Amino acid sequence: SEADFIIVMEDDVVLQPSFWNTTYDFLMACPHFDYVTMDSWKESSQQMDAVDICHASLFRPAKMRPVSGYWGSQVQVVRITFLNTLIQRAKIYGMGPLDVWWQMHVNDGRAFSWQPGIAPQAGRQKG
């Protein structure tokens with residue numbers, strides 16, 4: 001395949017009408033990520049996690065144990081060139097819930113939570 005990215009969706013994501021256009025625009029404008037979760041949420045303030053990259057609502061959680069970061073992995077975008085890294089880390093660390101796993105095992109500079117408001121998890125929709 002000549003694809004640059006893969007998009008993984010859980011069965012409980014609710015795609016908003018602007019999903020594909022907004023996602024495409026982000027992918028074309030932001031070369032500074034390898035992995036993002038889309039519209040994951042944090043119970044406490046996100047302000048301290050904000051990063052100034054790509055003029056987008058990107059957040060990088062602090063590496064903590066236990067993780068007190070971003071919940072929900074209903075949409076994940078992975079750069080194809082990062083797949084081998086994901087596979088190697090899975091071999092090293094084993095499996096776990098993805099919304100926790102990525103923050104602990106691939107959160108080393110180019111992994112983010114992106115908050116465009118276009119892919120909420122069912123039951124967390126506003127309105």
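Residues numbered from 1 in each chain as written. Predicted model: local features only at pLDDT ≥ 70, side-chain atom pairs only at ≥ 80, totals over all residues. Heavy atoms only, no water.

**Q** Give a detailed account of the packing of aromatic side chains, specifying residues and quantitative values.
**A** Here the structure, examined in full by the defined rule, presents six aromatic pairs. With a centroid separation of 4.7 Å and an interplanar angle of 90°, the aromatic rings of phenylalanine 19 and tryptophan 20 are classed as edge-to-face. The class of phenylalanine 19 is buried, set by a relative accessible area of 0%. An aromatic cluster is built from Phe5, Phe26, Phe33 and Trp114, whose rings are joined through pairwise contacts. When the ring centre of phenylalanine 33 is taken as reference, the NZ or CZ atom of arginine 79 above it lies at 4.8 Å. (Phe/Tyr/Trp six-rings, centres within 6.5 Å; stacked < 30°, edge-to-face > 60°. Buried < 20%, exposed > 50% of the residue type's maximum accessible area, 1.4 Å probe, protein only. Lys NZ or Arg CZ within 6 Å of the ring centre and 35° of its normal.)

**Q** Hey, could you go over the confidence of the model for the protein for me, with residue numbers and the actual values?
**A** Scored by pLDDT, the protein has a mean of 88; 92% of the residues are at 70 or more. Ranking the elements of the protein by mean pLDDT puts strand 3 (residues 50-51) last with 85 and strand 1 (residues 5-9) first with 97. (pLDDT = per-residue confidence, 0-100. Helix = DSSP H or I, 4+ residues; strand = E, 2+ residues; numbered from the N terminus.)

**Q** Report on the sheet that holds strand 4 (residues 58-59), specifying residues and quantitative values.
**A** If you trace the six strands from one edge of the open sheet to the other, you get 1-5-2-6-4-3, paired in mixed fashion. In this open sheet, the two edge strands, each paired with only one partner strand, are strand 1 and strand 3. Judged from the five bridges that link them, strand 1 and strand 5 (residues 75-79) form a sheet pairing that is antiparallel. Looking across to strand 5, one finds that methionine 9 is bridged to valine 75. Sheet strands touched by helix 1 (residues 19-29): strand 1, strand 2 (35-38), strand 4, strand 5 and strand 6 (111-114). Its angle to strand 1, the strand with the most contacts, is close to 140°. (Pairing = 2+ DSSP bridges. Contact = heavy atoms within 4.5 Å. Axes fitted to C-alpha atoms, helices over the stretch in contact; angles between N-to-C directions.)

**Q** Lay out the environment of isoleucine 7 in plain terms, naming residues and giving numbers.
**A** Checked against the element boundaries, isoleucine 7 lands in strand 1. For the pair isoleucine 7 and aspartate 39, spaced 32 residues apart in the sequence, the C-alpha separation amounts to 14 Å. Beyond its immediate chain neighbours, meaning those up to four positions away, isoleucine 7 contacts Trp20, Thr23, Val75, Gln76 and Val77.

**Q** Describe a nonpolar patch on the surface, and please don't skip the residues or the numbers.
**A** The grouping of Ile7, Met9, Leu15 and Trp20 at the surface amounts to a nonpolar patch, some 350 Å² of accessible area in total. You can see methionine 9 is positioned in strand 1. With a relative accessible area of 32%, methionine 9 lands in the partly exposed category. (Patch = residues over 30% accessible without salt bridge, like charges linked within 9 Å, V, L, I, M, F, W, Y side chains within 5 Å. Areas by Shrake-Rupley, 256 points an atom, 1.4 Å probe, with all protein chains shown as cover. Salt bridge = Lys/Arg side-chain N within 4 Å of Asp/Glu carboxyl O.)

**Q** Kindly report on the side chain of glutamine 74, identifying the contributing residues and their values.
**A** Looking at where glutamine 74 falls in the secondary structure, it is placed in the loop between strand 4 and strand 5. Here the side chain of glutamine 74 touches methionine 38 through a polar contact of 3.4 Å, landing on its backbone oxygen. Excluding residues that lie within four positions of it along the chain, glutamine 74 makes contacts with Val8, Met9, Glu10, Asp12, Val13, Met38, Asp39, Ser40, Trp41, Ala119, Pro120 and Gln121. (Polar contact = N/O pair within 3.5 Å; in protein donor to acceptor, adjacent residues only side chain to side chain.)

**Q** Let's hear about the layout of surface pockets: which residues, and what values?
**A** Size it by volume and the second largest pocket reaches roughly 160 Å³. If you go around the second largest pocket, the residues you meet are Ile6, Val8, Tyr35, Gln76, Val78, Leu86, Ala90, Leu98, Trp101, Trp102 and Val106. Breaking the lining of the second largest pocket down by element, the ones donating at least two residues are strand 1, strand 5, helix 2 (83-93) and helix 3 (98-105). At three residues, the largest contribution of residues to the lining of the second largest pocket is made by helix 3. The residue makeup of the lining of the second largest pocket, split by class, is 10 nonpolar, one polar and no charged. (1 Å grid on protein atoms, 1.4 Å probe; cavity = no way out; pocket = protein on both sides within 12 Å on 5 of 7 lines; lining within 4 Å. Points joined across faces, edges and corners; volume = space filled by probe spheres on them. Nonpolar A, V, L, I, M, F, W, Y, C, P; charged D, E, K, R; others polar.)

**Q** Explain the pattern of salt bridges to me, and be specific about the residues and the numbers.
**A** With the rule as written, the count across this model stands at four salt bridges. For arginine 110, the salt bridge identified is with aspartate 34, shortest N-O distance 2.9 Å. Taken together, the residues arginine 110 in the loop between helix 3 and strand 6 and aspartate 34 in the loop between helix 1 and strand 2 connect sequence positions 76 residues apart. Under the relative-accessibility criterion, arginine 110 is labelled partly exposed at 33%. A salt bridge links arginine 89 to aspartate 108, with the nearest nitrogen and oxygen atoms 3.0 Å apart. Placement of the pair is arginine 89 in helix 2 and aspartate 108 in the loop between helix 3 and strand 6, with a sequence separation of 19 residues. Given the relative accessible area of 46%, aspartate 108 is considered partly exposed. The network of salt bridges with common partners includes Asp34, Arg79 and Arg110.

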